[in-house]
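Residue strings, one per chain:
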Amino acid sequence: MGRKFFVGGNWKCNGTTEEVKKIVSTLNDAQVPSQDVVEVVVSPPFVFLPLVKNSLRPDFHVAAQNAWVKKGGAFTGEVSVEMLVNLDIPWVILGHSERRLILGESNEFVGDKVAYALAQGLKVIACVGETLEQRESGSTMDVVAAQTKAIAERISNWSDVVLAYEPVWAIGTGKVATPAQAQEVHLELRKWLQANVNAEVAATTRIIYGGSVNGANCKELAAQPDVDGFLVGGASLKPEFIDIIKAAE
Ligand code: PEP
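Residues numbered from 1 in each chain as written. Predicted model: local features only at pLDDT ≥ 70, side-chain atom pairs only at ≥ 80, totals over all residues.

For the protein, an unreviewed UniProt entry supplies the name Triosephosphate isomerase, cytosolic and the organism Rhamnella rubrinervis. Recorded in UniProt for the protein, the comment headed Sequence similarities (unreviewed entry) runs: "Belongs to the triosephosphate isomerase family." Here the protein is described in UniProt, under the heading Subunit (unreviewed entry), as follows: "Homodimer." (UniProt positions renumbered as here; feature names shortened; annotations may be inferred.)

This is the structure we're talking about:
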């Protein structure tokens, strides 16, 4: 199907200048598959974006972890899409569960953010995923479909979107989804795209998995036919991120 493997590293709200320089240096020294095989995007906190962008190897790219929902202005504490574009930041992560659940971002708000960021020329890693309670009540697919629908209703071009399936119960818990659990939801999401957007978007959109991915479990997950890569939190701050990138091979 020609979906290039995608590995994102979400550094979340972590790091000092020294720590960031160390991670960049580890990444820069790493032997990894070529850009034809894997797309690597790391996402430092806003304040470190220029440092990382200017010191990172050219075959790796950077993403912001969030952006404001519309044109910047009187929105204290926010960072606008225009600012990211101005700094040549190509990617942004939107709808991460920590923002949905802790900051109260609704499906509609996330959908608006995705639409605005795409319209201004950013590429988007759009996150969806269910809580443990939702999984146990059997509503996983309803939840991720509603999250995806709020995006699909607001955009017409999916070529700059990577969809990240991140079950909330797996994020930062060490409790990774089994390859079968990940594959099941990824396939359902692809079918949802086929039924509600179109066959081409379903076939070409990368659906990546996130939630306690590490160097030990990445290979088996990557072998699933509908797992097109990873969004990695904790392990992206460690040298094992290189092993996760190599899962693309
Ligand atoms: C994340 O925050 O997107 C994530 C997947 O975190 P972790 O890998 O630490 O579970």
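Among soluble globular proteins, nonpolar side chains are generally buried collectively. Counting residues in hydrophobic clusters, the biggest one holds 78 residues, and the most contacted among them are V7, V92, A117, V124, I125, A126 and I244. The dominant element in this core, judged by the number of residues it contributes, is helix 5 (residues 107-119), at six residues. (Core = buried A, V, L, I, M, F, W, Y, C linked by C-beta atoms within 7 Å. Buried ≥ 20, exposed ≤ 12 C-beta atoms within 10 Å, placed from the backbone. Helix = DSSP H or I, 4+ residues; strand = E, 2+ residues; numbered from the N terminus.)

Moving on: the environment of E153. Within the secondary structure, E153 is located in the loop between helix 7 (140-152) and strand 6 (161-165). Through-space distance from the C-alpha of E153 to that of S236 is 32 Å; in sequence the pair is 83 residues apart.

Attention now goes to the site of the ligand. Around the ligand sit 13 residues in total, of which I171, G172, G210, G233 and G234 are the nearest. Looking at the shell around the ligand residue by residue, the class counts come to five nonpolar, seven polar and one charged. (Near = placed C-beta within 6 Å. Nonpolar A, V, L, I, M, F, W, Y, C, P; charged D, E, K, R; others polar.)

Summarising burial for strand 1 (residues 5-10): six of the six residues are buried, a large majority. Burial along strand 1 is two-sided: the face carrying F5, V7 and G9 and the face carrying F6, G8 and N10 are both buried. Bridging between strand 1 and strand 2 (residues 38-43) involves six bridges; their strand directions are parallel. Of the residues in strand 2, the one forming a bridge with V7 is V40. In this view, the connection linking strand 1 to its parallel neighbour strand 2 by way of helix 1 (residues 17-29) has right-handed handedness. Where strand 1 and strand 8 (residues 229-232) come together, four bridges link them in parallel fashion. Across the sheet, the residue bridging to G9 is V232, located in strand 8. (Pairing = 2+ DSSP bridges. Right-handed = clockwise from strand over helix to strand, strands pointing away.)

Turning our attention to helix 5. Between its first and last C-alpha, helix 5 extends 18 Å over 13 residues, near the 18 Å set by a 1.5 Å rise per residue. Within helix 5, burial applies to V110, G111, K113, V114, A115, Y116, A117 and L118. Contact partners of the buried residues in helix 5: helix 3 (81-86), strand 4 (91-94), helix 4 (97-102), strand 5 (123-128) and helix 7. Following helix 5 by one or two positions, G121 has its phi on the positive side, about 100 degrees. (Expected span 1.5 Å × (residues − 1). Contact = placed C-beta atoms within 7 Å.)

This brings us to the packing of helix 7 against helix 8 (residues 179-196). Packing of helix 7 against helix 8 brings their axes to within 10 Å, and their N-to-C directions diverge by 45 degrees. When the axes of helix 7 and helix 8 are compared, the pair comes out oblique. Regarding helix 7 and helix 8, the two cross each other, and that crossing is right-handed. Contacts between helix 7 and helix 8 involve T140, M141, V144, A145, T148, K149 and A152 on the former and, on the latter, V185, E188, L189, W192 and N196. Taken together, the residues of the contact of helix 7 with helix 8 break down into seven nonpolar, three polar and two charged. (Axes fitted to C-alpha atoms, helices over the stretch in contact; angles between N-to-C directions. Parallel < 35°, antiparallel > 145°, perpendicular 65-115°, else oblique. Left-handed = near helix turned anticlockwise from the far one by under 90°.)

Another point: the environment of P90. Here P90 lies in the loop between helix 3 and strand 4. For the pair P90 and K123, spaced 33 residues apart in the sequence, the C-alpha separation amounts to 6.1 Å. Once you skip the residues sitting within four places of it in the chain, P90 turns out to touch H61, L122 and K123.

On to the packing of helix 5 against helix 7, then. When two helices pack together, their arrangement is given by the angle between the helix axes and the distance between those axes. Packing of helix 5 against helix 7 brings their axes to within 8 Å, and their N-to-C directions diverge by 40 degrees. Regarding the angle of helix 5 to helix 7, the classification is oblique. Handedness of the crossing formed by helix 5 with helix 7: right-handed. Taking contact as the criterion, the partners of N107, E108, V110, G111 and V114 in helix 5 are, on helix 7, A146, Q147, A150 and I151. Split by residue class, the contact of helix 5 with helix 7 holds five nonpolar, three polar and one charged.

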